[in-house]
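# Commentary on secondary and tertiary structure
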Amino acid sequence: MAEYQLPETLRYTREDEWLRPAEDGSAVVGITDYAQQQLGDVVFVELPEPGAVLQQGEACGAIESVKTVAELFAPVSGEVARCNQELAQRPEAVNEDCYGGGWILAMVPSQPAELDGLLDAAAYAQHIADRE
């Protein structure tokens, strides 16, 4: 299996997204190191509108790379608080630092119990291994 960065402090989805809960009840969302490596060079990120209310699993944007276009899905239900507007000018930030400057959006989860259904780093690593 290839080497992927999977920070222990994050939660993961089977759709290759990560979620970082914050103490104020909000959460930052992005795509995983595995996802950005599979996509290749990211050239465009379609972001949802701040204020959009999303249901868990709902398509809420897209990431276009030189290889393909991948949909983004809401990891949990909630309202989009803000989006990473830097990605409009620098979509490659997703490749450079997917867990930092390449974040996609911040949201306020409306169903906190949904967080319990997300994968931890070990379970996500197994999910990757099962697909390779």
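Preceding block: the structure.
Before going into details, it helps to say that this report is about the structure given with it.

Conventions adopted
Residues numbered from 1 in each chain as written. Predicted model: local features only at pLDDT ≥ 70, side-chain atom pairs only at ≥ 80, totals over all residues. Heavy atoms only, no water. Helix = DSSP H or I, 4+ residues; strand = E, 2+ residues; numbered from the N terminus. Polar contact = N/O pair within 3.5 Å; in protein donor to acceptor, adjacent residues only side chain to side chain. Pairing = 2+ DSSP bridges. Buried < 20%, exposed > 50% of the residue type's maximum accessible area, 1.4 Å probe, protein only.

### A short note on the side chain of Ser65
Note that Ser65 resides in strand S6 (residues 59-65). For Ser65, the side chain forms a polar contact with the main-chain nitrogen of Lys67, separated by 3.1 Å.

### Digging into the sheet that holds strand S1 (residues 11-12)
An order of S1-S2-S3-S9-S8-S5 is seen for the 6 strands of this open sheet, with the pairing classed as antiparallel. Looking at the sheet topology across the chains shown, the edges are occupied by S1 and strand S5 (53-54). Strand direction decides the pairing type here: strand S8 (residues 78-83) and strand S9 (residues 105-109), joined by 5 bridges, are antiparallel. Residue pairing for S9: Glu79 is matched across the bridge by Val108.

### Topic: the pairing of S6
For S6, a buried count of 5 out of 7 residues is recorded, marking the element as mostly surrounded by other parts of the structure. Pairing between strand S4 (residues 42-46) and S6: 4 bridges, direction antiparallel. Considered in S6, the bridge of Phe44 is made with Glu64. Relative to strand S7 (residues 69-73), S6 runs antiparallel, the two sharing 5 bridges. Pairing of Ala62 across the sheet is with Glu71, part of S7. The loop that links S6 with its antiparallel partner S7 comprises 3 residues.

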